[in-house]
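Per-entry structural report
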Amino acid sequence: MSVLNRKQAPQFNGVENITLIRPEHKKLANGCNVYAFNSGDQELVRIEWIFGNLRFNPEKPLLNVAANTMLTDGTTNMNAAQIADTIDFYGAFLQVDYSYDYSQVTLYTLTKHLASTLPVIKDIITNSVFPKKELETFVRNQQQKLQVSLQKNDFVARRLFNKALNGETIYGLAAEPEDFKSLEREDLLAHFKQMYQPANCTMVIAGKVDEHALDLLSETFENGWDNQAAPADTMQPPLAPSAERFFYTEKPAALQSAIRIGTPFINRTHPDFPAVQVLNTVLGGYFGSRLMANIREDKGYTYGIGSGMTSFKQTGSFFIASEVGADVCRSAVSEIEKEVNRMKTELIPEEELSLVRNFMLGSLLGSLENVFSHADKFKNLYFAGLDYDYYERYASTVKNITAEDLQALANKYWDFENFYKVIVGKY
Amino acid sequence: MVKFNRFTLDNGLRVIVHEDSTTPMAVLNILYDVGARDENPEQTGFAHLFEHLMFGGSVNIPNYDAPLQRVGGENNAFTSNDITNYYITLPSANLETAFWLESDRMLSLAFSKKSLEVQRNVVIEEFKQRYLNQPYGDVWLKLRPLVYKEHPYRWATIGKTIKHIEDARIEDVKAFFKKHYTPQNAVMVVGGDVKTEDIKALAEKWFGPIPAGEKYTRELPVEPPQQEERRETVTAKVPLNDVYIAFQMEGRLHESFHAVELMSDILSRGNSSRLYKSLVKDKALFSEVHAYITESLDKGMFVMQGKPVEGVSTEQAEAALWQELENLKNEEVPADELTKVKNKTESTMVFSEMSLLDKAMNLAFYEMMGDADNFNHEAAKYLAVTPAAIKEQANKLFRKDNSSTLIYLAEKTEEIIEAIS
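Basis of the calculations
- Numbers given for residues are sequential positions, taken from 1 along each chain in its written order.
- Written order determines the labels here, with chains lettered from A and ligands numbered from 1.
- This being a predicted model, a pLDDT of at least 70 is required before a residue's local features are given, and a value of 80 or more before pairs of side-chain atoms are given or counted; all residues contribute to the totals for chains, interfaces and linings.
- Starting at the N terminus, helices and strands are each numbered in turn, a helix being any DSSP run of H or I of at least four residues and a strand any DSSP run of E of at least two.
- Three classes are used. A residue is buried when 20 or more other C-beta atoms lie within 10 Å of its own, exposed when 12 or fewer do, and partly exposed in between, with C-beta atoms placed from the backbone.
- C-beta atoms are first placed from the backbone for all residues, and any pair lying within 7 Å is then listed as a contact.
- Here, any two strands with at least 2 DSSP bridges between them count as paired.
- Under this scheme, a helix contributes an axis fitted over its contacting stretch, all axes are lines through C-alpha atoms, and angles between N-to-C directions fall in the 0 to 180 degree range.
- Each angle gets one of four labels, with under 35 degrees taken as roughly parallel, over 145 as roughly antiparallel, 65 to 115 as roughly perpendicular, and the rest as oblique.
- Left-handed describes a crossing in which the near helix is turned anticlockwise from the far one by less than a right angle; the clockwise case is right-handed.
- Note on residue classes: Ala, Val, Leu, Ile, Met, Phe, Trp, Tyr, Cys and Pro are nonpolar, Asp, Glu, Lys and Arg are charged, and everything else, Gly too, is polar.
- Domain segmentation is taken from an automatic or database assignment of domains.

Here we take up the environment of Phe56(A). Residues and elements named next belong to chain A. With respect to the element layout, Phe56 can be found in the loop between β3 (44-52) and α1 (63-69). Judged by C-beta crowding, with 19 C-beta atoms within 10 Å, Phe56 ranks as partly exposed. In this structure Phe56 touches Thr169, Ile170, Gln236 and Pro237, once residues within four positions along its chain are discounted.

Structure below.
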């Protein structure tokens, strides 16, 4: 038997084939697009109803989020308690989620209970009534939640940052507690009627969905759900970035300062996006990134630091975020600047780049854990108007991009001087 | 039903293999049977600090993370009051790298002074970020010593104080490793696109040569039954009052566990739960309210927690929480309501089988508790709970002299008042 050499890493293999499951597509007679992923061993299914948000109204900034959150609060047929009772009795989960571009309803249910749970969803997306008493409860509780969030430095920093980049738009919304008082039941009803119509809905189904289940879905959502005369207006007004680049909110008692630094950026639809994802990963996109290695693992200034990119319909952003010891906040910012600039002046060594290539491909493979993950990948493409060749392009970029290309991209897209900088805490 | 195979190496390392060919990935999860409860009262937070040091290089491998990232893998770890759990996810074709890395740090760490210095700082920043610089962040630092007087659950995993972290020395690190990080104190689960025969060979090759070490025998102080009502009121710069009522309950392995957990579900799981319907919606006394259990291996906590809406006093809030508990003590839960929480538990277990990592962690935890196969019998135990059993547990737990009440009062600063007005 040979002696075990523990200093020698075992042989390893690159990630070669990444296969994505593609959905079946069907368009209902009322214009609702349905995408179905039938796969998996468990007798369960996740169904999402995804609606484009309506045009942002600065006078009534909370309509999109309030209409979505209150979908479970009562219909012409069921009150909030009855909705909750039915869903919970069948062991199902009903979620409503709001994001900048879309609002959605998600149902997780065992396939055997589909016939009992689907009518509830149908009811809430066609017959919601936003009862007055429920609206009062919603306003009161949201105001309280917001008050707590406003005491969190990272929350405040994120809001200031989004507002600086996007201005008074759906992407820059930074609601104050009193904004909730502007919510009126009549506005919610009108908003609901215009937004939650079939032509503005995409259904994404993932799990055990045989012919029978699909027929049931089509039947339920094709009959008795019709479009309004006017289509949903989902166009958003242009962004209004702030001229001011530096925002400092002092919190004299802070033990840590929240830092958020970044800039409006290209989104997924741009041809350079996969390449800048590699750039971002090297800088701050994984545990071994330069920001983590320097600011956490070498200096011990923070519990965590990272960089990331957001991709929305109308915009995108690149950002670096951390919470650091209040006494080392300036040093942390200057180290961040150093790391950003180093990407522009020095080539990434081949050893580091090959590690990042393998890490990103392994990560892509690992992100395809189950049928839900395949549906999530599809949504990334579909809502950005991209096709499956995006992931082929992504994998090929990760494998082949050179250190020179990356340096050129850093110079093309990153200018630390011009980045927005937000500090909440002490500086 | 999660199928698995199981074997034990000569040095005492228990190994479980869960074959799942639907994924191209593999998971390697190692649970060490050591948590904050095993700490010296003068050196709290040590198990967690130690977890950080496990990433600071091992005896033959100076850097833990980079070689794993290089083969497309990711990892993380967590520490609780009971256990420390490390996990790796990577393409199954590169599984041997995980064996190489994990076996070397079970063999011995590098015990680098620089790593200790840096991780002390990182953990201190974690302490600030999660416990001190957040509204209500220090609740558990206050609630635990109220509920526990003897047992080490009286401190949180992060530790009692930053001072304990600052004082950690390299000799302490070495001693802790020797005492707790032995093969016989660990359970390894390998899952995903793997074959049991290959795992046997890999386990023998990489973990087989590690010395068994000395057996650690846990002798913790037992928490005496609580005999008096406990209360504490604190004031802090937060926007809203917050009320906590904690009760001592039996440990995770006690036969009453499943009834007590379903009781917490009846109170607060989902929008159809009693607390939400009654106290948030109907009576509008709370903006949020929860009931949950800590699932500790030794004597645990059943916690009621809620933020009263503006204008509702903490006395009113407390009384409303007690009223819900009295209802459970006086009347059996209707059959439909119990069926509802059982159905929810059943579907949650089916959904958890969607995640390979969740399955691996569960198998490791159940094996550490005695037998991985018990994971597959959990559903039946929940289904067997009767309304009478829940009523019995309610009467046992929800007594004033078994309660610890923490009232967290808002001290309104100008800044906060400005935000409200």
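The subject of this paragraph is the sheet that holds strand β5 (residues 84-91) of chain B. Residues and elements named next belong to chain B. Here we have six strands laid out as an open sheet, ordered β1-β2-β6-β3-β5-β4, and mixed in their pairing. The sheet is open, and its two borders are formed by β1 (5-8) and β4 (74-79), each paired with just one other strand. The average angle at which neighbouring strand axes cross in this sheet is 15 degrees, direction not considered. As judged from the eight bridges shared by strand β3 (residues 25-32) and β5, these two strands associate in the antiparallel manner. The residue bridging Met25 from the neighbouring strand is Pro91, located in β5.

On to the packing of helix α1 (residues 46-53) of chain B against helix α4 (residues 113-132) of chain B. Residues and elements named next belong to chain B. For the pair α1 and α4, interaxial distance at closest approach is 9 Å and the crossing angle is 125 degrees. What the angle tells us is that α1 and α4 run oblique. As for the relative orientation of α1 and α4, their crossing is right-handed in sense. Here His48, Leu49, His52 and Leu53 of α1 come into contact with α4, specifically with Ser115, Leu116, Gln119, Val122 and Val123. Of the residues contributing to the contact of α1 with α4, the split by class is five nonpolar, four polar and no charged.

Let us look at the interface of chain B and chain A. Tallying the contact residues gives 61 residues for chain B and 61 residues for chain A. Here the element with the most residues in the side of chain B that touches chain A is α4(B); it accounts for eight residues. Counted by class, the side of chain B that touches chain A contains 25 nonpolar, 20 polar and 16 charged residues.

Now for the domain arrangement of chain B. Residues and elements named next belong to chain B. According to the domain assignment, chain B consists of domain 1 (5-206) and domain 2 (230-420). The distance between the C-alpha centroids of domain 1 and domain 2 comes to 28 Å. The interface of domain 1 with domain 2 comprises 31 residues on the first partner and 27 residues on the second. Among the elements of the structure, β2 (14-19), β3, β5, α5 (139-147) and β6 (186-192) are those that each provide at least two residues to the side of domain 1 that touches domain 2. Per-element accounting of the side of domain 1 that touches domain 2 gives the leading share, five residues, to α5. Of the residues belonging to the side of domain 1 that touches domain 2, the class tally is 15 nonpolar, nine polar and seven charged.

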